[in-house]
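So you can see what is in the structure, the chains are spelled out below.
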Amino acid sequence: MSGNGRVDLSIVIVNYRCWERLSKCLASLEPLLRGTEPAIEILVVDNVSGDGVLPGFAPEHPGVRFVENDGNWGFADACNVGARAARGEFLLFLNPDAEDRGGGIAALLDVARSHPEAAILTARQVDGTGRAQKVFDSFPSLWTLFGPARAALRLLVPGRYPDPRGTRAAYAEVDWVSGSALLIRRRVFDALDGFCNGYWMYSEDVDLCRRARTAGHAVAFAGSVTLVHAHGGATRNDPETAALTRSEVVVSRHFYASRHLPAWQAPAYHVALAASRFLPAALAALADALGLGRVRSILVRAGMARHLARYYLGVPSHGWRSRRSRP
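Everything numeric in this text was worked out from a predicted model, so none of it was measured. (Residues numbered from 1 in each chain as written. Predicted model: local features only at pLDDT ≥ 70, side-chain atom pairs only at ≥ 80, totals over all residues. Heavy atoms only, no water.)

(A) Local environment of the overall build of the protein. In terms of regular secondary structure, the protein is built from ten helices and eleven strands. Expected size for 327 residues packed as a compact globule is a radius of gyration near 20 Å; at 20 Å, the protein falls within 12% of this value. Expressed as lengths along the three principal axes of its C-alpha atoms, the size of the protein is roughly 65 × 50 × 40 Å. Classification of the 327 residues of the protein by burial places 52% in the buried group. In the protein, once contacts between residues fewer than 6 apart in sequence are set aside, the share between residues at least 24 apart is 77%. When the accessible surface of the protein is split by element, carbon and sulfur atoms take 57% of a total near 14700 Å². (Helix = DSSP H or I, 4+ residues; strand = E, 2+ residues; numbered from the N terminus. Rg over C-alpha atoms; globule rule 2.2 N^0.38 Å. Buried < 20%, exposed > 50% of the residue type's maximum accessible area, 1.4 Å probe, protein only. Contact = heavy atoms within 4.5 Å. Areas by Shrake-Rupley, 256 points an atom, 1.4 Å probe, with all protein chains shown as cover.)

Structural data, given as structure tokens:
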């Protein structure tokens, strides 16, 4: 924060039992707090980790503000909680497994300031080995639901459907960018009423970008800026956790379709998505019931089937939103 109290950028990080990676993330960010330009604050929203680590962890990072959420209502909800506590002209929502190893965040802010037409931006992101991550894509539709169709569209209409891992542009306007490192102007975030709380995990970034584009704002990829993102890691090691998160990928796509796809397209999308994701999972659940489910992949798919079955049974009464999101 500057001497006059101005905050240029608020970095909001959502945490749930990700202490080791969060520690590395904060270590990479804390040099930003020692500078005066840009004026930066860091907030960590803990989604009720409930493991007793926070009281000892917070004092190790005195320059960071820690906010305790009142429940684990998902990524979107925690981002909104952090945004309400933030004071910056810009907001950067950053995953706890991301790191800034070379001035990337300051550079991303410079790109935003040099492109006032862009309300939302992300940087190029690589994993620990330097492999590029997918950080943007085209908006979901019935035509892009399946991999072969997406590949064909990228080959035939590359201008409309760019390859998210093959793009080398220093700056490019895109449909949506990943919430793993999403920079947004505060005034736009407030005008859009933040992230939609109906998502528990996944697709909340796509939804936000869709609403920003509809409101006339540009969304952009800054390929000239690089951040490191470990992408997932420990949250996917346990079969039950993997089953939950993968089922929420499906849930989030259903909810997005219910909010943004045309009325004539949404029903077919729901059916195609359910058939392609739930039916294979149901077969795995059958294999598990027959005692064949000791293989990890079968255990994960069987868990997905249980989560998705409960979700689909509740759609007539509760709609397509995640059952784990804030009521």
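(B) Summary view of the side chain of Ser-138. The residue Ser-138 is located in the loop between strand S7 (136-137) and helix H5 (147-156) in this model. If sequence neighbours within four positions are ignored, Ser-138 has contacts with Arg-160, Tyr-161, Pro-162, Asp-175 and Trp-176.

(C) Structural detail: the pairing of strand S10 (residues 181-185). Counting buried positions along S10 gives five out of five residues, so the element sits mostly inside the fold. Neither face of S10 is left uncovered, since the one carrying Ala-181, Leu-183 and Arg-185 and the one carrying Leu-182 and Ile-184 both have all their residues buried. In terms of strand pairing, strand S6 (residues 118-126) meets S10 through two bridges, oriented antiparallel. Paired with Ile-120 across the two strands is Ile-184, which belongs to S10. (Pairing = 2+ DSSP bridges.)

(D) Region of the structure containing helix H1 (residues 19-34). Taking 1.5 Å of rise per residue, 16 residues should cover 22 Å, and H1 covers 23 Å from first to last C-alpha, within 8% of that figure. Helix geometry: H1 is bent most strongly at Ser-28, by close to 30 degrees, with proline Pro-31 lying one to four residues after it. If you check which residues of H1 are buried, you get Trp-19, Leu-22, Cys-25, Leu-26, Ser-28, Leu-29, Glu-30 and Leu-32. (Expected span 1.5 Å × (residues − 1). Bend = angle between axes of the 7 residues up to and from the residue.)

(E) Examining the packing of helix H7 (residues 204-214) against helix H8 (residues 239-260) more closely. Here H7 crosses H8 at 15 degrees, and the two axes come no closer than 10 Å. What the angle tells us is that H7 and H8 run roughly parallel. Seen along the crossing, H7 lies across H8 with a hand that is right-handed. Across the interface between the two elements, Val-206, Asp-207, Arg-210 and Arg-211 of H7 pack against Tyr-256, Arg-259 and His-260 of H8. (Axes fitted to C-alpha atoms, helices over the stretch in contact; angles between N-to-C directions. Parallel < 35°, antiparallel > 145°, perpendicular 65-115°, else oblique. Left-handed = near helix turned anticlockwise from the far one by under 90°.)

(F) Representation of the packing of aromatic side chains within the structure. Across all of its chains, the model carries twelve aromatic pairs by this definition. Considering the side-chain rings of Phe-136 and Phe-221, the 5.0 Å spacing of their centres and the 40 degrees angle between planes classify their relative orientation as tilted. Residue Phe-136 is found in strand S7, and its partner Phe-221 is found in strand S11 (residues 218-229); the two are separated by 85 residues along the sequence. Neither residue differs from the other here; Phe-136 and Phe-221 are each classed as buried. A centroid spacing of 5.7 Å and a plane angle of 85 degrees characterise the contact between Phe-278 and Tyr-312, whose relative ring orientation is edge-to-face. Here the residue Phe-278 occupies a position in helix H9 (residues 266-289), and Tyr-312 occupies one in helix H10 (residues 296-318), the gap between them amounting to 34 residues. (Phe/Tyr/Trp six-rings, centres within 6.5 Å; stacked < 30°, edge-to-face > 60°.)

(G) Summary view of the pattern of salt bridges. Using the criterion set out here, one finds 15 salt bridges in the structure. Arg-6 is paired through a salt bridge with Asp-8; the nearest N and O atoms lie 2.8 Å apart. Accessibility expressed as a relative area gives 3% for Asp-8, which makes it buried. A salt bridge links Arg-326 to Asp-77; the nearest nitrogen and oxygen atoms lie 2.6 Å apart. Here Arg-326, found in the segment after H10, pairs with Asp-77, found in helix H3 (residues 75-85); they are 249 residues apart in sequence, far enough to count as distant. Using a relative accessible area of 22% as the deciding quantity, one classes Arg-326 as partly exposed. (Salt bridge = Lys/Arg side-chain N within 4 Å of Asp/Glu carboxyl O.)

(H) Structural detail: the nonpolar core. Counting residues in hydrophobic clusters, the biggest one holds 58 residues, and the most contacted among them are Phe-93, Ile-120, Val-177 and Ile-184. Discounting chain neighbours no more than four positions away, the residues touching Phe-93 are Val-12, Cys-79, Ala-83, Gly-179, Ser-180, Ala-181, Leu-182, Ile-184, Phe-189 and Phe-195. (Core = buried A, V, L, I, M, F, W, Y, C linked by side-chain atoms within 4.5 Å.)

(I) Expanded view of a nonpolar patch on the surface. Residues Leu-155, Leu-156 and Val-157 make up a contiguous nonpolar surface patch of roughly 340 Å² in combined accessible area. When its relative accessible area of 68% is taken as the criterion, Leu-156 is described as exposed. (Patch = residues over 30% accessible without salt bridge, like charges linked within 9 Å, V, L, I, M, F, W, Y side chains within 5 Å.)

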